[in-house]
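# Notes for the structure review
If you want the building blocks of each chain, they are given just below.
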Amino acid sequence: MVRLQTEPFDPGALLSAFCEGREETGAVVSFTGLARAGLGAVTRLELEAYPGFTDAEIERIAEAARTRFSLHDVLIVHRIGEIAPGEPIVFVAAAAAHRREAFEAADHLMDYLKSRAPFWKKEHGPDGERWIEPTERDLADAKRWD
Amino acid sequence: MIRVLLFGRLRDVAGWRERALDPAPASLFALKNLLAAEDPALGEALAGPGVQAAVDKALVRGDRALAAGAEVAFLSPMSGG
């Protein structure tokens, strides 16, 4: 399941709910990404999505990951709108029979989300605002799965 | 009538996020030409590297006829999450 939301979320509560009622799942791996302050350079992040397009694209990748890593379930929650440093911005959980697939799926989904998911991100800080693009590292990370 | 949406830095260049155009240009290229004639800075930005277009929420390469009621989105290079 893929959810884009403006409201903050509690990663612990998401993980607990995701783990409930599973008898055949041996492994759940989750990742929580937090918005960084960049040593004071960022006072808030503005994350824009294209509703109906961004969620459909992420859903498509989540479905592909389900097949590729033999997952039992996937959950992706992504904040959009205004985000303050320290707040969770993204949560990914993957459930599989065994840990290797779950680790790899979470890693893969995060690499996709960081570099290829259709979001537009702007940092606001004391020195003004700037649009963010994926770093070389982000792009190289995503290529590992091609 | 068609709706035009801008994402990322394109909306800063244009100073708007969403517009309705009536009458509707017949094609995606005609729309780009119209926007560029009106606002050369936006025209230049639309032709920039990594800018993609989506018609009715599907990415389109090249030109495409625009039906009445179409939603056209111009997408700046994506930032990721």
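Residues numbered from 1 in each chain as written. Chains lettered and ligands numbered in written order. Predicted model: local features only at pLDDT ≥ 70, side-chain atom pairs only at ≥ 80, totals over all residues. Heavy atoms only, no water.

Here we come to the interface of chain A and chain B. In this assembly, 24 residues from chain A lie in contact with 20 residues from chain B. Buried surface at the junction of chain A and chain B, both sides included, amounts to about 1800 Å², of which 54% is carbon and sulfur. For the chain A face of the interface with chain B, the top three residues by lost area are Y50(A), W120(A) and W131(A), together amounting to 38%. Here R11(B) and E48(A) are joined by a salt bridge, their closest N and O atoms 3.2 Å apart. At the surface where chain A touches chain B, the tally comes to eleven residue pairs in polar contact (both at pLDDT 80 or more). Elements with a contribution of two residues or more to the side of chain A that touches chain B: β3 (44–49), α3 (99–115), β7 (119–125) and β8 (128–132) of chain A. Of the residues contributing to the side of chain A that touches chain B, the split by class is 13 nonpolar, three polar and eight charged. (Contact = heavy atoms within 4.5 Å. Buried area = accessible area lost by both parts, 1.4 Å probe. Salt bridge = Lys/Arg side-chain N within 4 Å of Asp/Glu carboxyl O. Polar contact = N/O pair within 3.5 Å; in protein donor to acceptor, adjacent residues only side chain to side chain. Helix = DSSP H or I, 4+ residues; strand = E, 2+ residues; numbered from the N terminus. Nonpolar A, V, L, I, M, F, W, Y, C, P; charged D, E, K, R; others polar.)

Residues and elements named next belong to chain A. Packing of helix α2 (residues 54–68) against α3 brings their axes to within 10 Å, and their N-to-C directions diverge by 155°. Judged on the interaxial angle alone, α3 and α2 are roughly antiparallel. α2 and α3 meet at a crossing whose hand is right-handed. On α3, the residues touching E57, I58, I61, A62, A65 and R68 of α2 are H108, L109, Y112 and L113. Per-class residue counts for the contact of α2 with α3 are seven nonpolar, one polar and two charged. (Axes fitted to C-alpha atoms, helices over the stretch in contact; angles between N-to-C directions. Parallel < 35°, antiparallel > 145°, perpendicular 65-115°, else oblique. Left-handed = near helix turned anticlockwise from the far one by under 90°.)

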